[in-house]
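Close look at the chain arrangement
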Amino acid sequence: MSSGKRALITGITGQDGSYLAELLLDKGYEVHGIIRRSASFNTDRIDHIYQDPHDKGARLFLHYGDLNDGASLSAIIRSCKPTEVYNLGAQSHVRVSFDNPVYTADTVAMGALKLLEAVRDYQNHSGYQIRYYQASSSEMFGDVREVPQTEMTPFYPRSPYGCAKVCAHWMTINYRESYDMYACCGILFNHESPRRGETFVTRKITRAVGRIKHGLQEKVYLGNLEAQRDWGFAGDYVEGMWKMLQQEKPDDYVLATGKMISVRTYAELAFAEVGLDPDDFIEIDPRYYRPAEVEQLLGDCTKAKEQLGWEATTSLEELVKMMVEHDMELAAREKTLRDAGHELPANTGHDQ
């Protein structure tokens, strides 16, 4: 049944975008997503929606566009007339942002500005209000000024990605206060899932666990094992995004679990799921250290719990188990293909 609400999601083909699309479709939304034009499709995370037996695919529409192209953003908004806009699109890999700082700033900072302008322009001409969500990041805290971090903790970003997110965050607040826009920022701490990109450390670890257990890989190469993070499940966090846009007044919220562990501990939990000792398979590669490291991030989501009624419901142990089981199945299918004589892409454990 339709709710009469329409959502536009940038980054719909990513981890968060796919979970958010599922959530909104379940709530009766018509969902629109922006995808970039490329030579090959990159819709794996949302392909299953089109095959849904309840015909959710009939309420999901994809539009070609780009956060670097303000004209395309304006045209898409005029076409689909969303009631809510979720800006999840970005170059979101922190280590890669050091290698591609200009592109990162263009997509993360300037992309948010162009989208805000497109929303503001549409509202000015139509008199029709759109509720806007900006995906802010715990990486904005960087060299943390206090532990845990709250909505009031000063930012001290330590990467081009973090700096660009700070710009987008404050730009969103500025538009809210200057133009009376309904605009919220969700300061999300690390959130993972089986849909996490394979170059992100948690998924790199669980992917390696599956491949090592099935004899497809010998080692996994990592950087700083002592970095500590607040890790939760992405499926929980997208519900928090939605809740922010359902409030009477817009505001900014930290979403986190309130628990922090090291990369080393995460790896130990993952390898323990299959009865392996991580010390036998992990090698340190200095290339994976950041030029400026963020040692620890720990969020305090008291405000979200009290005002939104939100808190993470998936434990770290459940998250690790979920990811390892998924990647064990993926590795088993790869092994079957290899044993049948199919050539697999080379994987030495050195992926970014």
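Residues numbered from 1 in each chain as written. Predicted model: local features only at pLDDT ≥ 70, side-chain atom pairs only at ≥ 80, totals over all residues. Heavy atoms only, no water.

The next subject is the overall build of the chain. Along its length, the chain carries 11 helices and 13 strands. The C-alpha atoms of the chain give a radius of gyration of 20 Å, which matches the 20 Å a tight globule of 352 residues would have. Considering only contacts within the chain whose residues lie at least 6 apart along the sequence, 80% involve residues at least 24 apart. Per element, the accessible surface of the chain, about 15,700 Å² overall, is 49% carbon and sulfur. (Helix = DSSP H or I, 4+ residues; strand = E, 2+ residues; numbered from the N terminus. Rg over C-alpha atoms; globule rule 2.2 N^0.38 Å. Contact = heavy atoms within 4.5 Å. Areas by Shrake-Rupley, 256 points an atom, 1.4 Å probe, with all protein chains shown as cover.)

A separate point is the pairing of strand 6 (residues 182–188). Burial within strand 6 is extensive, with seven of its seven residues counted as buried. Relative to strand 11 (residues 252–255), strand 6 runs parallel, the two sharing four bridges. The residue of strand 11 that forms the bridge with Gly 186 is Tyr 253. (Buried < 20%, exposed > 50% of the residue type's maximum accessible area, 1.4 Å probe, protein only. Pairing = 2+ DSSP bridges.)

Attention now moves to the pattern of salt bridges. Once their charged atoms are close, side chains differing in charge can pair, the charge on each being opposite to the other. As enumerated under the stated definition, the model contains 24 salt bridges in all. A salt bridge links Arg 264 to Glu 226; the nearest nitrogen and oxygen atoms lie 2.5 Å apart. Residue Arg 264 is found in helix 9 (residues 263–272), and its partner Glu 226 is found in the loop between strand 8 (220–222) and strand 9 (228–229); the two are separated by 38 residues along the sequence. Arg 229 serves as the salt-bridge partner of Glu 293, at 3.9 Å between the closest nitrogen and oxygen. On the criterion of sequence distance, the pair formed by Glu 293 in the loop between strand 13 (282–284) and helix 10 (302–307) and Arg 229 in strand 9 is long-range, its members being 64 residues apart. No difference in accessibility class separates Glu 293 from Arg 229, as the two residues are buried. What you see here is one network of salt bridges that share partners, running through Glu 198, Arg 203, Arg 207, Arg 211, Asp 327 and Glu 334. (Salt bridge = Lys/Arg side-chain N within 4 Å of Asp/Glu carboxyl O.)

For the coordinates displayed, the defined rule picks out zero disulfides. With no disulfide of its own, Cys 80 has Cys 184 as its nearest cysteine by sulfur position, at a separation of 19 Å. Of all cysteine sulfurs in the structure, the one in Cys 167 sits closest to Cys 163, which takes part in no disulfide; the separation is 9.8 Å. (Disulfide = S-S within 2.5 Å.)

As a further point, take the sheet that holds strand 6. Read from one edge to the other, the open sheet built from seven strands follows the order 3-2-1-4-5-6-11, with strand pairing classed as parallel. Only two strands of the sheet have a single neighbouring strand rather than two, namely strand 3 (60–64) and strand 11. For this sheet, the mean inter-axis angle between neighbouring strands, taken without regard to orientation, is 20 degrees. Sheet strands in contact with helix 6 (residues 160–179) are strand 5 (131–137), strand 6 and strand 11, and its direction is about 150 degrees off that of strand 5. Packed onto the sheet, helix 8 (residues 234–244) meets strand 4 (84–87), strand 5, strand 6 and strand 11 and runs at close to 155 degrees relative to strand 6. (Axes fitted to C-alpha atoms, helices over the stretch in contact; angles between N-to-C directions.)

Next up on the list: helix 11 (residues 316–339). The end-to-end C-alpha distance of helix 11, which contains 24 residues, comes to 34 Å, matching closely the 34 Å that a straight helix rising 1.5 Å per residue would cover. Among all positions in helix 11, only Leu 316, Leu 319, Val 320, Met 323, Val 324, Asp 327, Met 328, Leu 330, Ala 331 and Glu 334 are buried. Check the buried side of helix 11 and you find it contacts strand 7 (191–192), helix 7 (201–213), strand 10 (232–233), strand 12 (261–262) and helix 9. (Expected span 1.5 Å × (residues − 1).)

Taken residue by residue, a regular strand's side chains alternate between the two faces of the sheet. In terms of residue burial, strand 1 (residues 6–10) counts as a mostly covered element, since four of its five residues are buried. Of the strand pairs in this sheet, strand 1 and strand 2 (residues 30–35) are connected by five bridges, and their pairing is parallel. Each bridged residue has a counterpart across the sheet, and for Ala 7 the counterpart in strand 2 is Val 31. Handedness of the crossover joining strand 1 and strand 2 through helix 1 (residues 15–26) is recorded here as right-handed. As paired elements, strand 1 and strand 4 share four bridges and run parallel to each other. Across the sheet, the residue bridging to Ile 9 is Tyr 86, located in strand 4. (Right-handed = clockwise from strand over helix to strand, strands pointing away.)

So, on to the nonpolar core. Membership of the largest hydrophobic core comes to 60 residues, with the highest contact counts inside it found for Ile 9, Leu 20, Leu 24, Val 31, Tyr 86, Tyr 133 and Ile 205. Filtering out sequence-adjacent residues up to four positions away, Tyr 133 remains in contact with Val 85, Tyr 86, Asn 87, Leu 88, Cys 184, Cys 185, Gly 186, Leu 188, Met 241, Met 244 and Leu 245. Listed in part, the 21 residues of the second largest apolar core include Ile 34, Ile 76, Ala 118 and Val 119. (Core = buried A, V, L, I, M, F, W, Y, C linked by side-chain atoms within 4.5 Å.)

It is worth spelling out helix 7 at this point. Taking 1.5 Å per residue, 13 residues should reach 18 Å; helix 7 reaches 18 Å between its end C-alpha atoms and fits that length. The buried count for helix 7 comes to 11 of 13 residues, which makes it a mostly enclosed element. Three or more residues of helix 7 are buried, namely Thr 202, Arg 203, Lys 204, Ile 205, Thr 206, Arg 207, Ala 208, Val 209, Gly 210, Arg 211 and Ile 212. The inward-facing, buried residues of helix 7 abut strand 7, strand 8, helix 9 and helix 11. Among the residues trailing helix 7, Gly 215 stands out with phi positive, at a value near 75 degrees.

Everything listed here is a matter of geometry and, on its own, says nothing about what the molecule does.
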